[in-house]
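As a plain string of letters, each chain reads:
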Amino acid sequence: MENTERYQLNKQLAQMLKGGVIMDVTTPEQAKIAEAAGACAVMALERIPADIRAAGGVSRMSDPKMIRGIQDAVSIPVMAKCRIGHFVEAQILESIEIDYIDESEVLSPADDVYHINKRNFKVPFVCGAKDLGEALRRINEGASMIRTKGEPGTGDIIQAVRHMRKMNSEIARLTSMREDELFEAAKQLQVPYELVSYVHSNGRLPVVNFAAGGVATPADAALMMQLGAEGVFVGSGIFKSGNPEKRANAIVKSVTNYTDADMIAKLSEDLGEAMVGINEQEISLIMAERGI
Amino acid sequence: MRIGILAVQGAFAEHEKVLEQLNIPYIELRKAEDLDTPYDGLIFPGGESTVQGKLLKELGMFDKIHAQLLDGMPVLATCAGMILLASSLDNDTHHYFGTLPISVKRNAYGRQLGSFHTISECKGLGDIPMTFIRAPYVSSVDDSVDVLSVVDSHIVAVQYENQLAMSFHPELDDDLRIHQRFLELVQNHAS
């Protein structure tokens, strides 16, 4: 029961983040800039995905001391990433009272079979997904928030769009099914019947769903919101751009008024250089393929 | 009767669902032009007060809503919403509407591990479910403020004139009584 109640509270924290922008930050100074620009939470990490991609090698959970520095710098929730399957990194993040753990494909996976049993933790987890099956498998493991995987560190929105559309169409398909077809759907999706049944009845995931991976402009953020995201993660897009503060501000407002093209047009003016970005054909490492 | 729900960030959809159950029309307030549609009461939802406060100001909504509050428009404010109304904040240099004479401590229960659910008494309503998410509490009140609920010796719900504010989230539980109480305020104010 205690666990169930804790899980509810963790899902509810994600509900409070809705309509907001969660920004990647690597220093307390960046965290303060993000908070002042209107971030509803920050993701503390040593290197932003674009730099992880450029540096190569194994990337791991950040130094807890660095994360603490960011926790001390801001009043909004602080998230941090651990490697897929690395439950000890997650234990460490729980011990420093992180507000949300991102079991993330951006870092090098620690386990190529098993994700973390997130039901064993009191702190909430967000996980990436590129389709409905992945999302429901992560939820079954205890994730209380989902985000699209997109393709981190590229500034290219195509994969986040693909993942969101895929999830939406699979949800629509489930809602249109007869009840007696749901057992077979659960088998195909490799998820428990109860979760399939929830999606069938409610037409949505049982947890909040954000967009992530490749958001670089106010228009990108609004695109994901119009496609049904309930909020947006922005990683490399902000602090790899010419004017992080202004761009962060513009993306926040664009998420609030995501259907107002007049406002988004104004917000998109004079933002300085966007992150250069890499097209999906030009990258050799597809992070979204990690952990399915 | 129509309610304006502040919808710049946070859990406004949850309040909308409650109003739908009660058959009360509402509009979302996301930008200055939205304030032109008349409404009889306001709801400030949970979310991040820093984000909501900033957007209220930068999207040109702050002054008009401030005037409406000073004019006595009823408001239901939950969690971050209560921070927007408070006349002072213990641990934050920000200042928003300040129409409710209370001091509020932000993130008073600590980080997410401090979030909790309980059932406790609310004056005039009896026991109600209360969900606290990285919640604030009221550290002190002016004598004119009616304290509605105290949990673990901290004030968590107050009323002052037409302003109803609480550190927990009635919109996250199935109990409709807090919203009904707010709608009575709106009804009385309109008539």
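The shown structure was predicted, so the numbers you read here are calculated from the model rather than taken from an experiment.

**Comments concerning the UniProt feature "active site" (unreviewed entry) in chain B**
Here is step 1 of the chain: With numbering aligned to this structure, UniProt lists the feature "active site" (unreviewed entry) at Cys79, His169 and Glu171 of chain B. Judged by maximum C-alpha separation, these annotated positions cover 93 residues in sequence but sit close together in space, the widest gap being only 10.8 Å. Of the annotated positions named here, the second largest cavity is lined by Cys79 of chain B.
Here is step 2 of the chain: Relative to the elements of secondary structure, His169 of chain B occurs in the loop between β12 (163–166) and α5 (177–190).
Here is step 3 of the chain: Residue classification places His169 of chain B among the buried positions, given a relative accessible area of 0%.
Here is step 4 of the chain: Not counting residues up to four positions away in its chain, the partners in contact with His169 of chain B are Met16 of chain A together with Gly46, Thr78, Cys79, Thr131 and Ile133 of chain B.
Here is step 5 of the chain: Tracing the backbone through its elements, the reader meets Glu171 of chain B in the loop between β12 and α5.
Here is step 6 of the chain: For Glu171 of chain B, a relative accessible area of 6% corresponds to the buried category.

**Here's the deal with unusual backbone geometry**
Here is step 1 of the chain: A positive phi angle, near 55°, is found at Cys79 of chain B, a position not held by glycine.
Here is step 2 of the chain: Tracing the chain through its elements places Cys79 of chain B in the loop between β4 (75–78) and α4 (80–85).

**A few points about the nonpolar core**
Here is step 1 of the chain: In this structure, Met145 and Met224 of chain A together with Phe44 and Ile65 of chain B are the most contacted members of the largest nonpolar core, which totals 108 residues.
Here is step 2 of the chain: The contacts of Phe44 of chain B, once residues within four sequence positions are left out, are Leu6, Ile65, Leu69, Val75, Leu76, Ala77, Thr78, Gly81, Leu84, Leu85 and Phe97 of chain B.
Here is step 3 of the chain: Counting residues in hydrophobic clusters, the runner-up holds 30 residues, among them Ile5, Ala135, Ala157 and Ile178 of chain B.

**Structural notes on the layout of surface pockets**
Here is step 1 of the chain: The volume enclosed by the second largest pocket comes to roughly 240 Å³.
Here is step 2 of the chain: Forming the boundary of the second largest pocket are 16 residues, of which Glu35 and Ser75 of chain A together with Thr50, His94 and Arg106 of chain B lie nearest the centre.
Here is step 3 of the chain: At the level of secondary structure, the elements contributing two or more residues to the lining of the second largest pocket comprise α2 (28–37) and α4 (64–73) of chain A together with α2 (49–58) of chain B.
Here is step 4 of the chain: With four residues, the top contributor of residues to the lining of the second largest pocket is α2 of chain B.
Here is step 5 of the chain: Classifying every residue of the lining of the second largest pocket by side-chain character gives four nonpolar, five polar and seven charged.

Cut-offs used in this document
- Residues numbered from 1 in each chain as written.
- Chains lettered and ligands numbered in written order.
- Predicted model: local features only at pLDDT ≥ 70, side-chain atom pairs only at ≥ 80, totals over all residues.
- Heavy atoms only, no water.
- UniProt positions renumbered as here; feature names shortened; annotations may be inferred.
- 1 Å grid on protein atoms, 1.4 Å probe; cavity = no way out; pocket = protein on both sides within 12 Å on 5 of 7 lines; lining within 4 Å.
- Helix = DSSP H or I, 4+ residues; strand = E, 2+ residues; numbered from the N terminus.
- Buried < 20%, exposed > 50% of the residue type's maximum accessible area, 1.4 Å probe, protein only.
- Contact = heavy atoms within 4.5 Å.
- Core = buried A, V, L, I, M, F, W, Y, C linked by side-chain atoms within 4.5 Å.
- Points joined across faces, edges and corners; volume = space filled by probe spheres on them.
- Nonpolar A, V, L, I, M, F, W, Y, C, P; charged D, E, K, R; others polar.

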